[in-house]
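The lines below spell out each chain.
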Amino acid sequence: MAEIKLYYGDEPYRLMERKEALKKVEYPEMNLYLTDGFDQEAYEYAFQLPFLAKEKTIIVNLETCSGTELLLEYMQNPVSSTNLYLFVRQMDMRSTLAKNFPKESLVEYPKYTSQELDEKIITYVQKCGKKIPQGVLRAVKEKLQYDNEEVSFFDVRNELSKLCAVSDDIISMESVDELVSVNETENVFALMQMILDHKAGQLFHEAELILENRNNVIQVLSLLLRNYRIAWKASFLGMEREKDIGVHPRAIIHLPCEVCINSMDYIQDAISGIKGGRYKERDGFFICLSRLMDCVKITAKSS
């Protein structure tokens, strides 16, 4: 018998991990359906037979528990070969939708406990080939204030990625003091490095995670623009004067002046396009990242 479950909680990173695990199905191009809302198309898909497999999966992203009449209708007579997984951002246990689920089918993913957070941080750092002393670990947690409602493990992971990128074998307290920004929500430094390294798959996966974590795209692009401005200043100041820029030299990504100027133009276009309604947030973000990567590739070929 196929599963029907509803996932919710205060830790979007845990929800993302669960969602990624559920996407691992046989022949996903035929047996996996992702949708923002259970509409008529999703309803009809649920009744189709799986392709060369015993089951198929529908993953539904819902902002709230409202407007789910068609979904409730389907739940009265579900298909035994179709798994249905709902991910609700703003959960309301009093809603009709929640009340239609048995208790065991409502799965909550709360924030990590202090011990769980320690384990996640240490594991992530080790995967990056680094070590983090206990004192430094405590300092990272104090700065990031993970207990705050608006801070998730996405924020923690992004800061760890930045620290690992500029550290040798062991993350130092000095690096934490200089690089970790309280409540900074986007790892823009890592995005720039992926663009520079032509890691398209990793870049767009990271972009999806940023959107998944409900981050403000305009804010992400603004931070990206700031970093390109820093790289632009470094391109004409030279390494001996990088300290005049006002950021840690190891946090500066070095790019040719022309790349920086063109990239800043692309980012400005995306920001104005999203604000003016010319682009949807996701489209503007992805178009911008594609242009930034093409800009680096063209420069590399001509050099």
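Residues numbered from 1 in each chain as written. Predicted model: local features only at pLDDT ≥ 70, side-chain atom pairs only at ≥ 80, totals over all residues. Heavy atoms only, no water.

### Description of the confidence of the model for the protein chain
Here's step 1: Averaged over every residue, the pLDDT of the protein chain is 85; the share at 70 or more is 89%.
Here's step 2: In the model, residues 182-186 has pLDDT below 50 throughout and makes 19 contacts with residues more than four positions away in sequence or in other chains. (pLDDT = per-residue confidence, 0-100. Contact = heavy atoms within 4.5 Å.)

### Here we look at the packing of helix 6 (residues 114-127) against helix 7 (residues 134-144)
What describes two packed helices is the angle between their axes and the distance between those same axes.
Here's step 1: Packing of helix 6 against helix 7 brings their axes to within 11 Å, and their N-to-C directions diverge by 115 degrees. Between helix 6 and helix 7, the interaxial angle falls into the category roughly perpendicular. Of the two possible hands of crossing, helix 6 and helix 7 adopt the one that is right-handed. Between helix 6, through Ser114, Leu117, Asp118, Ile121 and Ile122, and helix 7, the contact on the second element is made entirely by Gln134, Leu137 and Lys141. (Axes fitted to C-alpha atoms, helices over the stretch in contact; angles between N-to-C directions. Helix = DSSP H or I, 4+ residues; strand = E, 2+ residues; numbered from the N terminus. Parallel < 35°, antiparallel > 145°, perpendicular 65-115°, else oblique. Left-handed = near helix turned anticlockwise from the far one by under 90°.)

### Description of the sheet that holds strand 4 (residues 82-88)
Here's step 1: On the basis of which strands lie adjacent, the open sheet formed by 5 strands has the order 2-3-4-1-5 and parallel pairing. Edge positions in the sheet fall to strand 2 (32-35) and strand 5 (106-108), since each of these pairs with one other strand and no more. Between one strand axis and the next, the sheet turns through 20 degrees on average, direction left out of account.
Here's step 2: Where strand 2 lies against strand 3 (residues 56-62), 4 bridges are found, and the strand directions are parallel. Directly across from leucine 34, in strand 3, lies its bridge partner isoleucine 59. (Pairing = 2+ DSSP bridges.)

### Describing the nonpolar core
Here's step 1: Leu221, Leu224, Tyr228, Ile267 and Phe285 are the most contacted members of the largest nonpolar core, which totals 38 residues.
Here's step 2: The set of elements that each furnish at least two residues to this core consists of helix 10 (188-196), helix 11 (200-212), helix 12 (217-237), helix 13 (257-275) and helix 14 (281-302).
Here's step 3: Counting 24 residues, the second-largest nonpolar core is a separate cluster that includes Ile4, Tyr45, Ile58 and Cys65. (Core = buried A, V, L, I, M, F, W, Y, C linked by side-chain atoms within 4.5 Å. Buried < 20%, exposed > 50% of the residue type's maximum accessible area, 1.4 Å probe, protein only.)

### Examining the pairing of strand 4
Here is the key point about a regular strand: its side chains alternate between the two faces of the sheet.
Here's step 1: Counting buried residues in strand 4 gives 7 out of 7 residues, a clear majority hidden from the surface.
Here's step 2: Sheet analysis places strand 1 (residues 4-8) next to strand 4, joined by 4 bridges and oriented parallel. From the neighbouring strand, lysine 5 faces strand 4, where its bridge partner is tyrosine 85.

### Topic: the packing of aromatic side chains
Here's step 1: The final tally for this structure, using the stated rule, is 16 aromatic pairs.
Here's step 2: Ring centres 6.4 Å apart and planes at 85 degrees place the aromatic pair phenylalanine 38 and tyrosine 43 in the edge-to-face group.
Here's step 3: Judged by relative accessible area, which is 18%, tyrosine 43 ranks as buried.
Here's step 4: Taking NZ or CZ as reference, lysine 56 lies 3.6 Å from the ring centre of tyrosine 45, over its face. (Phe/Tyr/Trp six-rings, centres within 6.5 Å; stacked < 30°, edge-to-face > 60°. Lys NZ or Arg CZ within 6 Å of the ring centre and 35° of its normal.)

### A closer look at the pairing of strand 3
Here's step 1: Counting buried positions over the 7 residues of strand 3 gives 6, a clear majority of the element.
Here's step 2: A crossover links strand 2 with its parallel partner strand 3, the connecting element being helix 3 (residues 40-46), and its sense is right-handed.
Here's step 3: Two strands pair when backbone bridges link them, and strand 3 and strand 4 are joined in this way by 7 bridges, in the parallel orientation. Bridged to leucine 62 within strand 4 is valine 88. (Right-handed = clockwise from strand over helix to strand, strands pointing away.)

### Some points on helix 1 (residues 12-22)
Quick reminder: α-helices carry 3.6 residues per turn. Residues three or four places apart thus point the same way.
Here's step 1: Every buried residue belonging to helix 1 is among Pro12, Tyr13, Arg14, Leu15, Met16, Lys19 and Leu22, and all of these are buried.
Here's step 2: A side-chain oxygen of the first residue of helix 1 lies 2.9 Å from the backbone nitrogen of tyrosine 13; this N-cap is glutamate 11. (Polar contact = N/O pair within 3.5 Å; in protein donor to acceptor, adjacent residues only side chain to side chain.)

### Notes on a nonpolar patch on the surface
Here's step 1: Nonpolar side chains collect at one region of the surface, where Tyr27, Met30, Phe51 and Leu52 lie side by side and expose about 400 Å² of accessible area between them.
Here's step 2: As for its placement among the helices and strands, phenylalanine 51 is situated in the loop between helix 3 and strand 3. (Patch = residues over 30% accessible without salt bridge, like charges linked within 9 Å, V, L, I, M, F, W, Y side chains within 5 Å. Areas by Shrake-Rupley, 256 points an atom, 1.4 Å probe, with all protein chains shown as cover. Salt bridge = Lys/Arg side-chain N within 4 Å of Asp/Glu carboxyl O.)

### A short note on the pattern of salt bridges
Here's step 1: In this structure the tally under the stated criterion is 11 salt bridges.
Here's step 2: Between lysine 162 and glutamate 159 there is a salt bridge; the shortest N-O distance is 3.4 Å. You can see lysine 162 and its partner glutamate 159 sitting in helix 8 (residues 153-166), 3 residues apart, about one turn around the helix. The pair formed by lysine 162 and glutamate 159 is uniform in burial state, with each residue classed as buried.
Here's step 3: Three or more residues joined by partner-sharing salt bridges are found here, namely Asp269, Arg278 and Arg291.

### Section: the side chain of glutamate 206
Here's step 1: Here glutamate 206 shows up in helix 11.
Here's step 2: In this structure the side chain of glutamate 206 is engaged in a polar contact, spanning 2.7 Å, whose partner is the side chain of arginine 157.
Here's step 3: Once residues within four sequence positions are removed from consideration, glutamate 206 is found in contact with Arg157, Asn158, Leu191 and Met194.

### Here we look at a negative patch on the surface
Here's step 1: On the surface, Asp10, Glu108, Glu149 and Glu150 cluster together to form a negatively charged patch.
Here's step 2: Structurally, glutamate 150 is set in the loop between helix 7 and helix 8.
Here's step 3: For glutamate 150, a relative accessible area of 52% corresponds to the exposed category. (Lys, Arg positive; Asp, Glu negative; His and termini not counted. Charge placed at Lys NZ, Arg CZ, Asp CG, Glu CD.)

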